[in-house]
Amino acid sequence: MDTNILVIGSGISGLTYAIKMAEQNPDIEITMISKNNLLESNTRYAQGGIAVVSNFKKDSFEKHVEDTLIAGAGQCDEEVVKFVVEEGHDRLQELIEWGAQFDVKSNELHLTKEGGHSEKRIVHHKDKTGLEIQKSLIKKIKTFANISLLENHTLVDLITDHHSGSEYKRCYGAYVISNLEQEIIKISAQITVLSTGGAGQLFSHSTNPKNATGDGLGAAYRAKVYMEGLPYVQFHPTALYPKVNGNTFLISEAVRGEGALLKSLAGERFMLKRHEKAELAPRDIVARSIAEMINQSGDDYVLLDCSSISEKAFLNQFPTIRENCKKVGINPPKDPIPVIPAAHYFCGGIRVNHYGESQLKGLYAIGECSYTGLHGANRLASNSLLESLVFSHRAALDSIEQMKKNLPPQDFYTHLPDWKGEHYISNKKIDAIVKLKKQLQNLMTTKVGIFKTSMGLLEAEATLKNIFLETQEIYRQNKLTLGVCELRNMVSVAYLMIKQSQGLKENIGVFYNQDYVD
Ligand SMILES: Cc1cc2nc3c(=O)[nH]c(=O)nc-3n(C[C@H](O)[C@H](O)[C@H](O)COP(=O)(O)OP(=O)(O)OC[C@H]3O[C@@H](n4cnc5c(N)ncnc54)[C@H](O)[C@@H]3O)c2cc1C
């Protein structure tokens with residue numbers, strides 16, 4: 001299959017990028033692949049909203065920049081922070097023009113406040129902002145004749161000089177597996193965009209959906225693309241302790257923004273003595289405090305007391321949270337919500353320039369799979385949807401320019417080699433894949449999670465080596481399946497995270513090695 005632009009992933013980043021490209025270039029062909037259906041993504045589960053300065057009477061770009069820099073713990077790229085904050089307003093307007101609806105009060109956008117923000121600036125759609133955005137973008141994308149949508153297709157590997165034997169030093173598309181037929185397709189493209197989201201599934205408890213296995217990062221690593229900031233994994237402080245249909249459900253920070261309090265089972269409001277902003281302290285501090293409280297008390301969880309929020313306000317602002325809590329027999333705001341921290345957001349990723357291009361020409365990375373310098377060592381709440389919008393726009397502008405330049409001739413793309421390798425996969429191996437995934441998640445949670453030690457990282461590296469060897473054997477001897485692809489990527493990302501964590505010699509942002517504490 002040949003296309004001009006290949007977009008891998010259908011969250012806010014991929015969809016926004018593809019819409020922008022299609023709007024401005026009706027003559028080019030865009031192909032978008034998505035691992036499951038178009039809807040399933042981290043974006044879909046975003047609850048809180050998008051951080052955008054809207055109330056200029058109280059708020060300012062300077063304040064948002066300042067809050068972002070403080071959260072990022074000295075590791076942000078200030079120039080990036082500035083342009084993302086300033087361009088956010090226009091990008092939000094486009095989203096609204098495309099059909100996304102956000103809550104309004106007295107004819108103005110209703111704004112909420114989340115941890116680390118000095119003002120109310122979170123634009124939201126009740127507590128299902130991501131779903132609203134995702135649905136409106138999907139509706140919009142279906143109006144373009146020049147976009148082909150391939151659901152249930154999974155990126156296997158990027159096509160580079162390694163495959164083509166050429167020396168253009170570019171990316172030429174990707175090998176993709178069709179999940180249902182299990183066939184490997186070559187999709188050649190002049191521009192390839194990774195918008196594959198995060199990798200929360202590396203850990204046992206994650207707010208991310210099951211498909212967040214770091215595939216874009218794994219493929220980029222194999223293409224020798226530079227990755228940065230992987231140790232900066234944000235753990236969301238408050239996920240619902242009982243799983244809902246096997247998934248860990250997020251209790252948005254906005255609930256704390258509206259006045260909910262964290263308490264131990266013994267009734268102590270423990271955040272008061274840990275940070276001046278108490279429950280609204282930066283996420284890493286709240287997550288660590290909850291984990292410490294759980295370790296000290298021996299309890300399985302702490303409680304989020306929502307009793308200061310009226311029944312009407314809770315139902316109006318948090319209907320999805322209430323619905324999911326009710327599924328496991330909890331009735332907020334009357335009942336306190338049992339919560340635990342869970343892996344939530346990857347601040348690190350594929351290093352890109354100010355236009356989302358990686359160090360490999362023709363390969364862009366946008367959204368959660370990228371490292372732009374916005375978040376530094378810790379993301380400020382609700383800055384990620386904002387980053388996705390701003391960088392999708394910038395990457396689209398840059399791609400258009402790049403397509404005007406001297407690219408390899410068309411017949412070069414047509415003659416790229418097909419994928420090599422076909423074998424049979426037995427059910428026994430499928431069991432082995434599931435077992436190895438669980439083993440890896442357990443290893444990452446215990447040794448590379450909220451609390452790390454230098455010895456624990458060494459142990460993790462040694463154990464991961466065995467998981468890697470077993471994975472390689474399965475990969476070499478069997479037909480490639482979705483499960484093998486995911487496991488291979490999870491191992492690669494885990495390895496990079498461990499190695500980069502070993503390289504950090506002080507605690508910064510969300511990175512926390514107990515050996516570095518006095
Ligand atoms: C529960 C939850 C709540 C959140 N709340 C907020 C919030 O309030 N505000 C905020 O700013 N951020 C929030 N975030 C973070 C934010 O939602 C994500 O960072 C953002 O949506 C990422 O968008 P994306 O387009 O980069 O990736 P995603 O939305 O994750 O999309 C990734 C896409 O890539 C596809 N994909 C993955 N691997 C492959 C592959 N191998 N082949 C093909 N396709 C693939 C997936 O199927 C999916 O379509 C939240 C995240 C979660 C999980």
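All values reported here derive from a predicted model rather than from experimental measurement. Residue indices begin from 1 for each chain and proceed along its sequence in written order. Where local features are concerned, this predicted model is filtered to residues with pLDDT of at least 70; where side-chain atom pairs are given and counted, the filter is 80 or more; whole-chain, interface and lining totals use all residues. Note: side-chain values were computed over all heavy atoms of the structure, leaving out hydrogens and water.

We now examine empty space enclosed by the protein. If you roll a probe as big as a water molecule over the atoms, it shows you where there is empty space left. The rule is simple: put a 1 Å grid over the protein atoms alone, call a set of points where a 1.4 Å probe fits but cannot get out a cavity, call an open set with protein on both sides within 12 Å along at least five of seven lines a pocket, and count a residue as lining if it has an atom within 4 Å of a point. Grid points are joined across faces, edges and corners, and a volume is the space filled by probe spheres set on the points. Enumeration over the complete set of coordinates arrives at three cavities of 30 Å³ or more. Roughly 80 Å³ of internal volume is contained in the largest cavity. Taken together, V233, Q234, F235, D284, A287, R288, G449, I450, K452, V510 and Y512 make up the lining of the largest cavity. Secondary structure elements are defined from DSSP: runs of H or I of at least 4 residues count as helices, runs of E of at least 2 residues count as strands, and each element is numbered from the N terminus. Residue assignment for the lining of the largest cavity shows that the elements contributing at least two residues are β13 (233-240) and α9 (283-297). Amino acids outside the nonpolar list (Ala, Val, Leu, Ile, Met, Phe, Trp, Tyr, Cys, Pro) and the charged list (Asp, Glu, Lys, Arg) are all regarded as polar, and Gly is one of them. Residues that form the lining of the largest cavity fall into these classes: six nonpolar, two polar and three charged. Domain borders in the structure are assigned automatically or taken from a domain database. Formed jointly, the lining of the largest cavity draws a minimum of three residues from each of two domains, domain 2 (243-343) and domain 3 (427-516). Estimated volume of the second largest cavity: approximately 50 Å³. Taken together, A71, G115, G116, E253, P282, R283, N378, R379, L380 and A381 make up the lining of the second largest cavity. Per-class residue counts for the lining of the second largest cavity are four nonpolar, three polar and three charged. Each of domain 1 (2-231 + 347-414) and domain 2 (243-343) accounts for three or more of the residues forming the lining of the second largest cavity.

What follows concerns the site of the ligand. Only a single heavy atom is needed: when it lies within 4 Å of a molecule or strand, its residue is near that molecule or strand. Taken together, 38 residues are adjacent to the ligand, and T43, G49, D215, E368 and S384 come closest. Within the side chain of T43, a nitrogen or oxygen atom sits 2.5 Å from an oxygen atom of the ligand. Isolated, the ligand exposes 990 Å² of accessible area, and the fraction of that covered by the protein chains is 98%. Those elements that provide at least two residues to the shell around the ligand are α1 (12-24), α2 (42-45), β9 (153-158), β16 (337-346) and α12 (383-403). A 3.5 Å cut-off defines polar contacts: any pair of N or O atoms within that distance qualifies, except that in protein one atom must be a possible hydrogen donor and the other a possible acceptor, and neighbouring residues in sequence count only when both atoms are side-chain atoms. Each accessible area value is a Shrake-Rupley result obtained with a 1.4 Å probe; residue values ignore everything except the protein chains displayed when judging cover.

Alternating positions in strand β2 (residues 30-33) separate into two faces, I30 and M32 on one and T31 and I33 on the other, with burial throughout. Only strands that DSSP links by at least two bridges are regarded as paired with each other. In the sheet, strand β1 (residues 2-8) pairs with β2 via four bridges, with the strands oriented parallel. When the bridges of β2 are listed, I8 appears paired with I33. Handedness is read with the strands pointing away from the viewer; a crossover is right-handed when the path from the first strand over the helix to the second is clockwise. At this point the chain moves from β1, through α1, to the parallel β2, and the crossover so formed is right-handed. Note: β2 against strand β8 (residues 147-150), four bridges, orientation parallel. Bridged to I30 within β8 is I147. For every residue, the accessible area obtained with a 1.4 Å probe (protein chains only) is divided by the maximum for its type, and the residue is called buried under 20%, exposed over 50%, and partly exposed between those limits.

A few words on the nonpolar core. By nonpolar core we mean a set of buried residues, namely Ala, Val, Leu, Ile, Met, Phe, Trp, Tyr and Cys, connected to one another through side-chain atoms within 4.5 Å. Within the largest apolar cluster, 67 residues are counted, with the highest numbers of intra-cluster contacts made by L194, L202, I350 and M497. It only takes one pair of heavy atoms within 4.5 Å for two residues to be counted as in contact. When neighbours within four sequence positions are excluded, I350 is seen to be in contact with L194, G216, L217, A220, V225, Y226, M227, S358, A365, C369, S370 and Y371. Ranked by size, the runner-up nonpolar core spans 50 residues in total, among them I50, L385, L389 and A395.

Here we come to the packing of helix α4 (residues 78-97) against α12. Pairs of packed helices are described in terms of their axes, by the angle between the two and the distance that separates them. Look at α4 against α12: their axes get within 8 Å of each other, and the N-to-C directions meet at 85°. The pairing of α4 with α12 is recorded here as roughly perpendicular in orientation. Contact residues: α4 offers V80, F83, V84, E87, G88, R91, E94 and L95, while α12 offers L386, E387, L389, V390, F391, H393 and R394. Split by residue class, the contact of α4 with α12 holds eight nonpolar, two polar and five charged. Axes here mean lines fitted to C-alpha atoms, for a helix over just the part in contact, with angles spanning 0 to 180 degrees between N-to-C directions. Between 65 and 115 degrees an angle is taken as roughly perpendicular, under 35 as roughly parallel, over 145 as roughly antiparallel, and anywhere else as oblique.

Moving on, we come to the environment of K326. Assignment of secondary structure puts K326 in helix α11 (residues 319-327). The class for K326 is partly exposed, based on a relative accessible area of 46%. Between the C-alpha atom of K326 and that of Q477, which follows or precedes it by 151 residues, the distance is 46 Å.

Inspection of the secondary structure assignment puts S492 in helix α16 (residues 482-503). When near neighbours in sequence (up to four residues on either side) are disregarded, S492 contacts G218, Y221 and R222.

Counted as salt bridges are all cases of a side-chain nitrogen of Lys or Arg within 4 Å of a carboxyl oxygen of Asp or Glu. Per the counting criterion, the structure on display carries 28 salt bridges. Measuring nitrogen to oxygen at the nearest pair gives 2.7 Å for the salt bridge that ties E87 to R394. In this pair, E87 is assigned in helix α4 and R394 in helix α12, connecting sequence segments 307 residues apart. Here E461 makes a salt bridge to K499, at a shortest N to O gap of 3.1 Å.

On to the sheet that holds strand β12 (residues 227-228). In space, the three strands of this open sheet follow the order β12-β17-β19, with mixed pairing throughout. Two strands lie at the open edges of the sheet, namely β12 and β19 (370-371), each paired on one side alone. Sheet analysis places strand β17 (residues 349-351) next to β19, joined by two bridges and oriented parallel. Directly across from R351, in β19, lies its bridge partner Y371. Helix α7 (residues 215-222) rests against β12 and β17 of the sheet, and its axis sits at about 45° to β17.

Between helix α15 (residues 454-477) and α16, the least distance of the axes is 10 Å, while the angle of their chain directions is 155°. As far as their axial angle goes, α16 and α15 are roughly antiparallel. Where α15 crosses over α16, the two elements pack in a sense that is left-handed. Facing α15, whose interface residues are L457, L458, A460, E461, L464, I467, F468, T471, I474 and Y475, α16 presents V484, L487, R488, V491, A494, Y495, I498, K499, S501 and Q502. Here the contact of α15 with α16 is composed, by residue class, of 14 nonpolar, three polar and three charged. Each crossing gets its hand from how the near helix is turned against the far one by less than a right angle, where anticlockwise is left-handed and clockwise is right-handed.

Domain annotation of the protein identifies domain 1 (2-231 + 347-414), domain 2 (243-343) and domain 3 (427-516). Taken together, the contact between domain 1 and domain 2 spans 23 residues of the former and 28 residues of the latter. By definition, the buried area sums, over both parts, the 1.4 Å-probe accessible area that each loses when the two are put together. Counting the surface domain 1 buries against domain 2, the share from its top three residues, Q47, D127 and H205, is 29%. At the junction of domain 1 with domain 2, the criterion picks out zero salt bridges.

So, about the state of the cysteines. Disulfides are defined in this document as cysteine sulfur pairs within 2.5 Å. By the definition in use, this model includes zero disulfides. Residue C369 stays outside any disulfide, its sulfur separated by 12 Å from that of C171, the closest cysteine. Judged by its relative accessible area of 0%, C369 is buried.

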